[in-house]
Amino acid sequence: MRSSPPESSRSDLSLTPILAAITLAALGFLPIANWIRGGHDAPWYGAVASGWVTGTTIVAGTGIVFAILSRRFAFLWTEGALDGLVERHHDHPNRFALALALLALAAYALVAQWVFSGRPLLIDELTEVLQAQIFARGRLWQHVAPHPEFFSSMLVADFQGRHFAHFPAGGPAMLVPGVLLGATWLVDPICGAIAVFAFATFARVAEPRPGVVIGATILFAFAPFMLFMSGSHMNEVSALMWITIAVAAMARVLTSTAPRPALSLLCGLAFGCAATIRPADALAFALPAGAWFLVRALRNPRRWDDALAAALGVAAPLALLMWVNRQTTGSATLLGYELLWGKNNGLGFHSAPGRMAHTPARGLELINLYLLQLQNYLFEAPMPSLLPAIASLALTRRFHALDRYLVASGSILLALYFSFWANGFYLGPRYVYPLLPALALFTARVFPLVRERLGAGLPYRATVYGGVCATLLAVTTLIPLRARQYRNSEITMRWDADSAAASAGVAHSLVLVRVSWGAQSLARLWAIGVPRSESELIYRSVDACMLAERLDSLETDSARGAAAVARLQPLLGDSSRLIASPFSPDTSERFMPGADYSASCKARIIADREGFTLLPPLLLEHGGGNIYARDLGERDSVLIRAHPDRPVYLLRPASTRIGESPRFYPLPRDSVMRAWAHAGR
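First, a word on scope: everything that follows refers to the structure included in this document. (Residues numbered from 1 in each chain as written. Predicted model: local features only at pLDDT ≥ 70, side-chain atom pairs only at ≥ 80, totals over all residues. Heavy atoms only, no water.)

Attention now goes to the nonpolar core. Among the nonpolar cores identified, the biggest contains 126 residues, and Phe202, Phe220, Met226, Met250 and Tyr405 are the most heavily contacted of them. Here this core gets 13 residues from one element, more than from any other, and that element is helix α12 (residues 235–254). Those residues in contact with phenylalanine 220 that lie beyond four places of it in its chain are Tyr108, Ala195, Val196, Phe199, Met226, Leu240, Thr244, Leu436, Pro437 and Ala440. Judged by nonpolar contacts, the second largest core, of 18 residues, contains Leu525, Tyr539, Val565 and Leu571. (Core = buried A, V, L, I, M, F, W, Y, C linked by side-chain atoms within 4.5 Å. Buried < 20%, exposed > 50% of the residue type's maximum accessible area, 1.4 Å probe, protein only. Helix = DSSP H or I, 4+ residues; strand = E, 2+ residues; numbered from the N terminus. Contact = heavy atoms within 4.5 Å.)

Okay, structure coming up:
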């Protein structure tokens, strides 16, 4: 008869780690998004899953072969080979953390310069830098230009004469030192390095095994997802820095037998700062931390000092954010997101911007997509990146307190983005970027857990050799491939306007930037007060020529806001018949089959075919004293008259060929004014 396990063993078992492993495996491996009709899907799943099978087979096969060989050839396996490193870490943990942080800083800075050219490449990054430049001038906002259609941008609000980014103020504020030093590209690398040091501090509290602490810190610091994000200008990096600082401080407070009000204040301040950058991310980690502080205080009145200090710390940055909101949006609780895009931009299941309904099914699709994508982008390994963490969870008998905290925070983060309509992807599934600390820790634990549960024999050695094989393939092949992919993308955004202008002798000039006809129409919609979400819907649901002609009429009649939207609504009736424009290189423009285009509309198509570029990168501060403005055809006469002492240039590439650099073309003022006057007649 089989004997039952001892009582102590049964008490050590918990279903929570198993449930966490099953949930993560289901969402991270199954193509649930493809099983739900409509909405988001993963058409790439088949090819990627095939790659996972091949990569896992290679890694597992290599691990097993070397594990078998290590029994015959002793030199392949040295027991305790890393004991010296563990001892040095034990003797000088802060030196180890600082050394890793500095090494990470060098790697992140290299990525920032070599991979991303030291420039903001996404509209989100550009907009944050734009707002940081406003802050650096000692202002919360700048005055709206007299004719905003020439200078407007997708994520920038023009509200009651104020021009400011729609992002919470904390993200741009983090970039201000970079603006002042002329090196905004260095801010995220520094934030990433500080996060590495804070994570190492947290890991020493959360994990009793020094080897796991070392491995987890290395994984956190050099995971490709962390590496590439920390070389960008994205605000996720600075938010994660504050979150790791807060979590490290919280861990030391709540594992201390005595009150630690100073550390509690630091914890609260860090959570508050994170909330001024990315409120949802901060909430996911602050909510269980706050509950923990409160429970400890209720059980032990001496711990009220900690709870109150943490609450005070959170309140201070939030109060500052509310003051900034009051000065910009007009309401302390109104963020620029909601002002610019409407209440439907927020969390919840409702009609999202563009009138798409965000439902629980769509939310599940998005979470499934994020975790499927994380399998590749987290470690860029030949095998699924989440597999070691899932195995670690499955082998864990019981969570410790800080494990429960990480799982609770991660679950809340997924729940929040489950209820958010947008698909957050850039350099990977960026909305789940804050899961990195937990995933690094659980991944590093897989090796000792395999040894504890299965012994130090063949399974353990195969796991170690498999990990070495996966790391070598990632470092030598897959990560360099991803780096080259990123380096060769967004070519237009990397163009150096200052150098090109200086070479062309263009200074203190009015430079009209040729953008696509579609981009012109969107800017004109914003200028007459059509909300951003309505503008997107109208633009993608109306023939380009019909829209341009209706905009001419609205501008002539000075129709704005709700009145303009009401006159645009009838154009949506035939949206189901529209196709992507077969005439323009800008495939976002729409065409009604059978429509007869006017001479003016045909001229816009011809202009698109001649080549166009992007305005937002040129809205940042540049040398040479040039004014860069959107080319709007005959409407440009307004700007030319407003700047009578400036030479005028047209900026556009010579063709629509990908990677073609823009060129400056001089425009004689008199002949241009006569040509546009003729075009207007």
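What follows continues from the structure just given.
Before going further, it helps to spend a moment on unusual backbone geometry. One non-glycine residue, glutamine 160, lies in the positive phi region at around 50°. Among the structural elements, glutamine 160 can be located in the loop between β2 (156–159) and β3 (162–165). Even without glycine at this site, glutamate 380 takes up a positive phi of about 50°. With respect to the helices and strands, glutamate 380 occurs in the loop between α17 (360–377) and α18 (387–395).

Turning our attention to the side chain of glutamate 589. Of note, glutamate 589 is situated in the loop between β5 (579–580) and β6 (590–591). In this structure the side chain of glutamate 589 is engaged in a polar contact, spanning 3.1 Å, whose partner is the backbone nitrogen of glycine 518. (Polar contact = N/O pair within 3.5 Å; in protein donor to acceptor, adjacent residues only side chain to side chain.)

Next up on the list: the pairing of strand β4 (residues 510–513). Because side chains alternate across β4, one face comprises the buried residues Leu510 and Leu512, and the other comprises Val511 and Val513, equally buried. Pairing geometry for β4 and strand β7 (residues 627–630), over four bridges, is parallel. In the sheet register, leucine 510 faces β7, and the bridge partner there is isoleucine 627. Taken together, the four bridges between β4 and strand β8 (residues 648–653) define a ladder with parallel strand orientation. For valine 513, the partnering residue across the bridge sits in β8 and is leucine 651. (Pairing = 2+ DSSP bridges.)

In spatial order, the strands read β7-β4-β8-β9; together these four strands make up an open sheet with mixed pairing. A strand with exactly one partner marks an edge of an open sheet, and here the two such strands are β7 and β9 (662–666). Across this sheet, the average inter-strand angle for adjacent strands is 30°, counted without regard to direction. Each of β7 and β9 is contacted by helix α23 (residues 497–504), which is oriented at about 35° to β9, the strand it contacts most. (Axes fitted to C-alpha atoms, helices over the stretch in contact; angles between N-to-C directions.)

Over its 14 residues, helix α7 (residues 123–136) runs 20 Å from end to end, which matches the ideal 20 Å to within 8%, given 1.5 Å per residue. Of all 14 residues making up α7, twelve are buried, and the element is well covered by its neighbours. The complete set of buried residues in α7 reads Asp124, Glu125, Leu126, Thr127, Glu128, Val129, Leu130, Gln131, Ala132, Gln133, Ile134 and Phe135. Contacts made by the buried residues of α7 are with β1 (142–143), β2, β3, α8 (170–181) and α12. One or two steps after α7, the chain reaches glycine 138, where phi turns positive at roughly 80°. (Expected span 1.5 Å × (residues − 1).)

Turning to the packing of aromatic side chains, a few remarks are in order. Considering all chains together, one arrives at 28 aromatic pairs under this definition. Aromatic side chains phenylalanine 167 and tyrosine 337 sit 6.1 Å apart centroid to centroid with 85° between the ring planes, which places their arrangement in the edge-to-face category. One end of the pair, phenylalanine 167, is in the loop between β3 and α8; the other, tyrosine 337, is in helix α16 (residues 336–341), and 170 residues separate them in sequence. A residue is classified by how much of its surface remains accessible, and phenylalanine 167, at 10% relative accessible area, is buried. Considering the side-chain rings of tyrosine 649 and phenylalanine 664, the 6.4 Å spacing of their centres and the 90° angle between planes classify their relative orientation as edge-to-face. In this pair, tyrosine 649 is assigned in strand β8 and phenylalanine 664 in strand β9, connecting sequence segments 15 residues apart. Under the relative-accessibility criterion, phenylalanine 664 is labelled buried at 13%. (Phe/Tyr/Trp six-rings, centres within 6.5 Å; stacked < 30°, edge-to-face > 60°.)

Glancing now at the packing of α12 against helix α13 (residues 261–275). Where α12 contacts α13, the two axes come as close as 8 Å, and the packing angle between them is 155°. As judged from the angle between their axes, α12 and α13 are roughly antiparallel. Our pair here, α12 against α13, has a crossing hand that is left-handed. Contact with α12, carried on its side by Ala239, Trp242, Ile243, Ile245, Ala246, Val247, Ala249, Met250, Arg252 and Val253, involves Leu263, Ser264, Leu266, Cys267, Ala270, Phe271, Cys273 and Ala274 of α13 and no other residues of that element. (Parallel < 35°, antiparallel > 145°, perpendicular 65-115°, else oblique. Left-handed = near helix turned anticlockwise from the far one by under 90°.)

Let us look at the state of the cysteines. Joining two cysteines, a disulfide is a covalent bond between their sulfur atoms. By the definition in use, this model includes one disulfide. Residue cysteine 191 stays outside any disulfide, its sulfur separated by 11 Å from that of cysteine 273, the closest cysteine. Look at cysteine 191 and you get buried, because its relative accessible area is 3%. (Disulfide = S-S within 2.5 Å.)

Note that all results are geometric; they support no functional claim without further evidence.
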